[in-house]
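So the chains spell out like this:
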Amino acid sequence: MTGPTTSRGRLALGLALTVAVALFLAFVPLHRHWFDLNVYYDAVGHWRRDGRIYDFTIPGADGADYGFTYPPFAALCMLPMALFTWPAAITLSMVLNVAASATLLSWLIGPIVQRHGWNKWFAFVVAACLFVLLEPVRDTFSFGQVNLVLLVLVFFDAWLLCTGRGRFAGCGIGLAAAIKLTPAIFIGYLLITRRWRAAATATGTAVAATLLALAVAPDASRVYWTEALWDTDRIGVLSYVSNQSWEGVLARLADPVRPSGVVWALGVLAVLAVWAYRVRSAVAVGDERAGFALTGVAACLISPITWVHHLVWLVPALVVLVDCGLRPDAPPARRRLLLRAAAVVYVLLCSSVVWLWRYDFTGVDGFLGGNTYVWICLGLLIALPLRGARSAAMLGREPYPARIP
């Protein structure tokens, strides 16, 4: 990392970057006014008073009515919010997201910093500034979303696998899947890579959490698993430009009618086939971090609705891309290519470019520009580079053994 070589110079640049980013976040991006947190807060309050949670809705900016869409176990986890005032709930959300961000950055960039001998605190400040400028991260904070917390739960298991503690892995993925269904794809990752014990632990944890919710809130569990889960209109308008999933692409092409379920299913099968091949290749060469990163990318593509703030699942893949571009043993031309690709992906993910087509996503420009983040996901899924088994793992001191057990 090039930069100031003195402590005073690093301090001055670090402070300047922090102030500049803070001013940008305060005055430039559109703030979401903790809309999702408001849904959680009011929904659990409604549940506490009336005993029902899935019939609660509030109107959104796109004209749709939004309600609580997560499984009952998530509602149990959020129920203590009903005891807080609204300002206290906002403070709690911010504290949790800051803690999750710091933990995630420590896992993702810590070994890279150590490998290259960079100044730790300065590298962390720079990485944190770059991190919070990403639109999915900004939106996670300003919506009051839970994406970063779920990401930490999942990558806790990645850290366990990368550091040779795999016999304890699975609990984080199981809890994340019980809170929100999308992370359940990581159980598929464990199965495909033959981590039978971790997969069983993750499945058992998810089932136990779900059964706990069933015992505590049987009515809410019945409504969710028999009604609310299957009502996609509860989640939002499929064609809304913020939906950067494969189904979002189809919905915008088919608008105002619903997209073809057959075409969506075929696309999902194709994505899963590519994902399975690539994660097997990643773990076969000892690149556990890339396997988890690819799984996060695939989750964004196959989920029926992937709002822009869900794209925090792309952050590990972006770090993998940068890390591979910094490999000293790679040809200079390849290093330049990877770092330029990472820079382009980063700038696009900071740009909020898809919102240019918020009101009109028709035409070739709407198809290409309005689905920018989908194309990024596809590119990362197909072309994310892998590091060999001899390379240090990003999430731990030693890579996972090259042979898949």
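Residues numbered from 1 in each chain as written. Predicted model: local features only at pLDDT ≥ 70, side-chain atom pairs only at ≥ 80, totals over all residues. Heavy atoms only, no water.

### Digging into the layout of surface pockets
Right, so step 1: The space that makes up the second largest pocket amounts to roughly 710 Å³.
Right, so step 2: Lining the second largest pocket are 22 residues, and of these Ile109, Val126, Ala127, Leu130 and Val322 lie nearest its centre.
Right, so step 3: If you list the elements that add at least two residues to the lining of the second largest pocket, you get helix 4 (86-116), helix 5 (120-133), helix 15 (315-325) and helix 16 (332-351).
Right, so step 4: Along the lines of polarity and charge, the residues of the lining of the second largest pocket split into 21 nonpolar, one polar and no charged. (1 Å grid on protein atoms, 1.4 Å probe; cavity = no way out; pocket = protein on both sides within 12 Å on 5 of 7 lines; lining within 4 Å. Points joined across faces, edges and corners; volume = space filled by probe spheres on them. Helix = DSSP H or I, 4+ residues; strand = E, 2+ residues; numbered from the N terminus. Nonpolar A, V, L, I, M, F, W, Y, C, P; charged D, E, K, R; others polar.)

### With respect to the pattern of salt bridges
Right, so step 1: Following the criterion strictly, the structure yields eight salt bridges and no others.
Right, so step 2: Taking the shortest distance from any N to any O, the salt bridge between aspartate 139 and arginine 32 comes out at 3.2 Å. In this pair, aspartate 139 is assigned in helix 6 (residues 135-143) and arginine 32 in the loop between helix 1 (7-27) and helix 2 (35-50), connecting sequence segments 107 residues apart.
Right, so step 3: In the salt-bridge network here, residues are joined through shared partners; they are Arg115, Asp287, Arg289 and Asp323. (Salt bridge = Lys/Arg side-chain N within 4 Å of Asp/Glu carboxyl O.)

### Notes on empty space enclosed by the protein
Right, so step 1: Overall, the coordinates contain three cavities of 30 Å³ or more when judged by the stated rule.
Right, so step 2: Each pocket or cavity is described by its volume, and for the largest cavity that value is around 70 Å³.
Right, so step 3: Every residue along the wall of the largest cavity is listed here: Lys180, Thr182, Ala299, Cys300, Ser303, Ile305, Thr306, His310 and Trp313.
Right, so step 4: Classifying every residue of the lining of the largest cavity by side-chain character gives four nonpolar, four polar and one charged.

### Concerning the environment of alanine 22
Right, so step 1: Note on placement: alanine 22 falls in helix 1.
Right, so step 2: Using a relative accessible area of 45% as the deciding quantity, one classes alanine 22 as partly exposed.
Right, so step 3: When the C-alpha atoms of alanine 22 and leucine 133 are compared, they prove to be 9.6 Å apart, with 111 residues separating the residues in sequence. (Buried < 20%, exposed > 50% of the residue type's maximum accessible area, 1.4 Å probe, protein only.)

### Some words on the environment of arginine 278
Right, so step 1: Following the sequence through the fold, arginine 278 ends up in helix 13 (residues 261-284).
Right, so step 2: Here arginine 278 falls in the buried class, since its relative accessible area comes to 11%.
Right, so step 3: Along the backbone, arginine 278 and phenylalanine 131 are 147 residues apart, and their C-alpha atoms lie at a distance of 26 Å.
Right, so step 4: When residues no more than four places from it in sequence are discounted, the contact partners of arginine 278 are Leu294, Leu380, Leu381, Ile382, Ala383, Leu384 and Leu386. (Contact = heavy atoms within 4.5 Å.)

### Some words on the state of the cysteines
Right, so step 1: The full count for this structure, using the stated rule, is zero disulfides.
Right, so step 2: No disulfide involves cysteine 129; its sulfur sits 12 Å from the nearest other cysteine sulfur, which is in cysteine 350.
Right, so step 3: Exposure remark for cysteine 129: the relative accessible area of 9% places this residue in the buried category.
Right, so step 4: Cysteine cysteine 324 shares no disulfide, and the gap to the nearest cysteine sulfur, in cysteine 162, comes to 13 Å. (Disulfide = S-S within 2.5 Å.)

### Examining the side chain of threonine 306
Right, so step 1: Considering the arrangement of structural elements, one finds threonine 306 in the loop between helix 14 (288-302) and helix 15.
Right, so step 2: Classification of threonine 306 as buried rests on a relative accessible area of 2%.
Right, so step 3: Contact partners of threonine 306, with chain neighbours within four places excluded, come to Ser242, Asn243, Gln244, Ser245, Ala299, Cys300 and Leu311.

### Regarding the packing of helix 9 (residues 185-192) against helix 13
Right, so step 1: Where helix 9 contacts helix 13, the axes come no closer than 10 Å and their chain directions differ by 55°. Relative to helix 13, the element helix 9 lies oblique. Crossing of helix 9 against helix 13: the hand is right-handed. Note on element contacts: helix 13 touches helix 9 through Leu272, Trp275, Ala276, Val279, Arg280 and Val283, opposite Ile185, Gly188, Tyr189 and Ile192. (Axes fitted to C-alpha atoms, helices over the stretch in contact; angles between N-to-C directions. Parallel < 35°, antiparallel > 145°, perpendicular 65-115°, else oblique. Left-handed = near helix turned anticlockwise from the far one by under 90°.)

### Observations concerning unusual backbone geometry
Right, so step 1: Omega for the peptide link from aspartate 255 to proline 256 comes to 15°, which places this bond in the cis form.
Right, so step 2: Even without being a glycine, histidine 33 presents a positive backbone phi close to 55°.
Right, so step 3: Relative to the helices and strands, histidine 33 is located in the loop between helix 1 and helix 2.
Right, so step 4: A residue is classified by how much of its surface remains accessible, and histidine 33, at 59% relative accessible area, is exposed.
Right, so step 5: Although it is not a glycine, arginine 194 sits at a positive phi angle of roughly 65°.
Right, so step 6: Examined against the element boundaries, arginine 194 turns out to sit in the loop between helix 9 and helix 10 (196-216).

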